[in-house]
Amino acid sequence: MDLAVVGYHFEDWDNAIHVLRGLPSDYDAFATSIWTRNPPINREELRSLLLSEEKIVYRRRQIAAIRMCPEAASNFSSPVQQPQQCPWPI
């Protein structure tokens, strides 16, 4: 089957490969699901799913930071704001 006939473009998969390889380990499960997807993902779907996964990863990081340093909880007001370090070494 010719993939171009069904609307798939190789540059979409090439871009996906570069994006997936550049993700931190927090995204391993996400990346695996994209790698094994059939049919391959297109650019728009990857962007949408990646934005959703980014919110999930951010929330996991928030929870982990709060567990390690409850005083840091007030530092997480928006996804773009970076948490401050805990006032004592952990």
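Refer to the structure presented above.
Residues numbered from 1 in each chain as written. Predicted model: local features only at pLDDT ≥ 70, side-chain atom pairs only at ≥ 80, totals over all residues. Heavy atoms only, no water.

Draft legend 1. Spatial organisation of the overall build of the chain. A count of helices and strands for the chain gives 3 helices and 0 strands. Listing every helix and strand of the chain by position from the N terminus yields α-α-α. Sequence separation of at least 24 residues holds for 33% of the intrachain contacts in the chain that already meet a minimum separation of 6. (Helix = DSSP H or I, 4+ residues; strand = E, 2+ residues; numbered from the N terminus. Contact = heavy atoms within 4.5 Å.)

Draft legend 2. Structural detail: the environment of Trp35. With respect to the helices and strands, the residue Trp35 is situated in helix α2 (residues 28-35). On the basis of relative accessible area, Trp35 is assigned to the partly exposed category, the value being 37%. For Trp35, the residues in contact, after removing those within four places along its chain, are Trp13, Ile17, Leu20 and Arg21. (Buried < 20%, exposed > 50% of the residue type's maximum accessible area, 1.4 Å probe, protein only.)

Draft legend 3. Up close: the nonpolar core. Ranked by size, the top nonpolar core spans 12 residues in total: Trp13, Ala16, Ile17, Leu20, Leu23, Tyr27, Phe30, Ala31, Ile34, Ile41, Leu46 and Val57. Among the secondary structure elements, those contributing two or more residues to this core are α1 (10-21), α2 and α3 (43-68). The element that contributes the greatest number of residues to this core is α1, accounting for 4 residues. (Core = buried A, V, L, I, M, F, W, Y, C linked by side-chain atoms within 4.5 Å.)

Draft legend 4. Seen up close, unusual backbone geometry. Residue Pro39 is bonded to the preceding Asn38 through a cis peptide linkage, with omega at 5°. As for its placement among the helices and strands, Pro39 is situated in the loop between α2 and α3.

Draft legend 5. Region of interest: the side chain of Glu53. Along the polypeptide, Glu53 turns up in helix α3. Despite its burial, Glu53 remains without a salt bridge, the nearest opposite charge being carried by Arg60 at 4.0 Å. In contact with Glu53, not counting residues within four places along its chain, are Tyr27, Phe30 and Arg60. (Lys, Arg positive; Asp, Glu negative; His and termini not counted. Salt bridge = Lys/Arg side-chain N within 4 Å of Asp/Glu carboxyl O.)

Draft legend 6. Highlighting the pattern of salt bridges. Scanning the model with the defined rule gives 2 salt bridges in all. The shortest N-O distance in the salt bridge between Arg61 and Asp26 comes to 2.4 Å. With Arg61 in helix α3 and Asp26 in the loop between α1 and α2, this pair connects stretches of sequence that are 35 residues apart. Classification of Arg61 as partly exposed rests on a relative accessible area of 42%. Between Arg37 and Glu45 there is a salt bridge, with its nearest N and O atoms 2.7 Å apart. Take Glu45: its relative accessible area is 30%, and that puts it in the partly exposed class.

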